[in-house]
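Listed here are the chains, written in short residue letters.
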Amino acid sequence: MSIIYDATITPSKLDMIGAWLQDQQWFVPVDTLALERIASFRFDDPAGLVGIETLLIRSGATLYQVPVTYRGSPLDGAESYLLSTTEHSVLGTRWVYDATGDPLYAASMAGAVLAGEPQADQVQHRGEERIALPATISLASTGSAGAQVPAVGTIESRTEGNLTIITASGFTVAVVRKLGIDVEPPAGAALTGTWAAGRESALLATATPSVPS
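Conventions we followed
Residues numbered from 1 in each chain as written. Predicted model: local features only at pLDDT ≥ 70, side-chain atom pairs only at ≥ 80, totals over all residues. Heavy atoms only, no water. Pairing = 2+ DSSP bridges. Helix = DSSP H or I, 4+ residues; strand = E, 2+ residues; numbered from the N terminus. Axes fitted to C-alpha atoms, helices over the stretch in contact; angles between N-to-C directions. Core = buried A, V, L, I, M, F, W, Y, C linked by side-chain atoms within 4.5 Å. Buried < 20%, exposed > 50% of the residue type's maximum accessible area, 1.4 Å probe, protein only. Contact = heavy atoms within 4.5 Å. Salt bridge = Lys/Arg side-chain N within 4 Å of Asp/Glu carboxyl O. Expected span 1.5 Å × (residues − 1). Polar contact = N/O pair within 3.5 Å; in protein donor to acceptor, adjacent residues only side chain to side chain.

A. Representation of the sheet that holds strand E13 (residues 171-176) in the model. Taken in spatial order, the 6 strands line up as E10-E15-E16-E13-E12-E11 in an open sheet, and their pairing is antiparallel. Single-partner strands in this sheet number two, and they are strand E10 (137-141) and strand E11 (156-160). Recorded for the sheet is a direction-independent mean angle of 20 degrees between the axes of neighbouring strands. In this structure, strand E15 (residues 189-195) lies alongside strand E16 (residues 200-209), joined through 7 bridges in antiparallel fashion. Residue pairing in the sheet places Leu 191 in a bridge with Ala 205 of E16.

B. Layout of the pairing of strand E9 (residues 129-133). Examined bridge by bridge, strand E8 (residues 122-126) and E9 share 5 bridges and lie antiparallel to one another. Considered in E9, the bridge of Arg 126 is made with Glu 129. Between E8 and the antiparallel strand that follows it, E9, lie 2 residues; Gly 127 among them carries a positive phi value of about 65 degrees.

C. Here's a closer look at the nonpolar core. Formed by 37 residues in total, the largest nonpolar core has its most connected members in Met 109 and Val 173. Listing elements by their share of this core, those giving two or more residues are strand E3 (35-43), strand E4 (51-59), helix H2 (103-115), strand E12 (163-167), E13, E15 and E16. In terms of residue count, the dominant contributor to this core is H2 (9 residues). Apart from residues no more than four positions distant in its own chain, Met 109 is found in contact with Phe 43, Gln 65, Val 173, Leu 191 and Ala 205. Ranked by size, the runner-up nonpolar core spans 15 residues in total, among them Met 16, Trp 26, Leu 35 and Leu 55.

D. Looking closely at the sheet that holds E9. An order of E1-E8-E9 is seen for the 3 strands of this open sheet, with the pairing classed as mixed. Here the strands that pair on one side only, and so sit at the sheet edges, are strand E1 (2-5) and E9. Going across the sheet, the axis of each strand differs from the next one's by a mean of 30 degrees, ignoring polarity.

E. Molecular detail of the pattern of salt bridges. This structure, assessed with the given rule, holds 8 salt bridges. Between Arg 37 and Glu 53 there is a salt bridge whose closest N-O contact spans 2.9 Å. Taken together, the residues span a long stretch of sequence, with Arg 37 in strand E3 and Glu 53 in strand E4 at a distance of 16 residues. Its relative accessible area of 37% is what places Arg 37 among the partly exposed residues. Put simply, Arg 158 and Glu 160 hold a salt bridge, and the shortest N to O gap is 2.7 Å.

F. View of H2. If you check H2, its first and last C-alpha atoms are 17 Å apart, about what 13 residues at 1.5 Å a residue would give, namely 18 Å. Residues Leu 104, Tyr 105, Ala 106, Ser 108, Met 109, Ala 110, Gly 111, Ala 112, Val 113, Leu 114 and Ala 115 constitute the buried set of H2. Put simply, Asp 102 is the residue that caps the front of H2, since its side-chain oxygen is 3.0 Å from the backbone nitrogen of Leu 104. After H2 finishes, the residue Gly 116 shows a positive phi value of roughly 65 degrees.

G. Region of interest: unusual backbone geometry. Of note, the amide linkage connecting Thr 10 to Pro 11 takes the cis form, showing an omega dihedral of -5 degrees. Of note, Pro 11 is situated in the loop between strand E2 (9-10) and helix H1 (13-21). Even without a glycine there, the phi angle at Ala 196 is positive, about 55 degrees. Summarising the element assignment, Ala 196 is placed in the loop between E15 and E16. Despite not being glycine, Ala 197 has its phi angle at roughly 55 degrees, a positive value. Tracing the sequence through the fold places Ala 197 in the loop between E15 and E16. Take Ala 197: its relative accessible area is 75%, and that puts it in the exposed class.

As structure tokens, then:
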């Protein structure tokens, strides 16, 4: 379960993402930046400390996949993946990272693709009230349900065209950045998302376990 607080965030998620997007090689420049959040999903942090969220963001005619992690303290060695810090009215200062440089996201995405692990249920905390939030996207994997996902240690991440490829000791994950266009990710199990009441869908990522040498 992911807890969503009824809180103010400064700067906002879209402001942070908008500033960061313009420095990414796969971003299509536009005259006027106006971002629209189309859908999102979250994975659970088993320790309950880190927020792991993927946002589908439209800019102009292009839809982007932007996974981020929210941490209560800096992630060692991930300085180049930092989008910004933000002030959360409930949780305080949060460090917001491009999640493709965060081992916790790598493990979660590998689980979703290779083993069909589900997105987290989201519950909003509004004072003493608890409100279940409906999913805005459904995920489907071609992986093997219940498959064993290798443990994650350190990771390496690189961008090649429209893909960000995360390499860990036990698997490789390829994350699609611009959605709904022709893309040739590495072979392997695939994760797709469907939103807008089933009218739109796209490939989100693929994953392959490493072959022991």
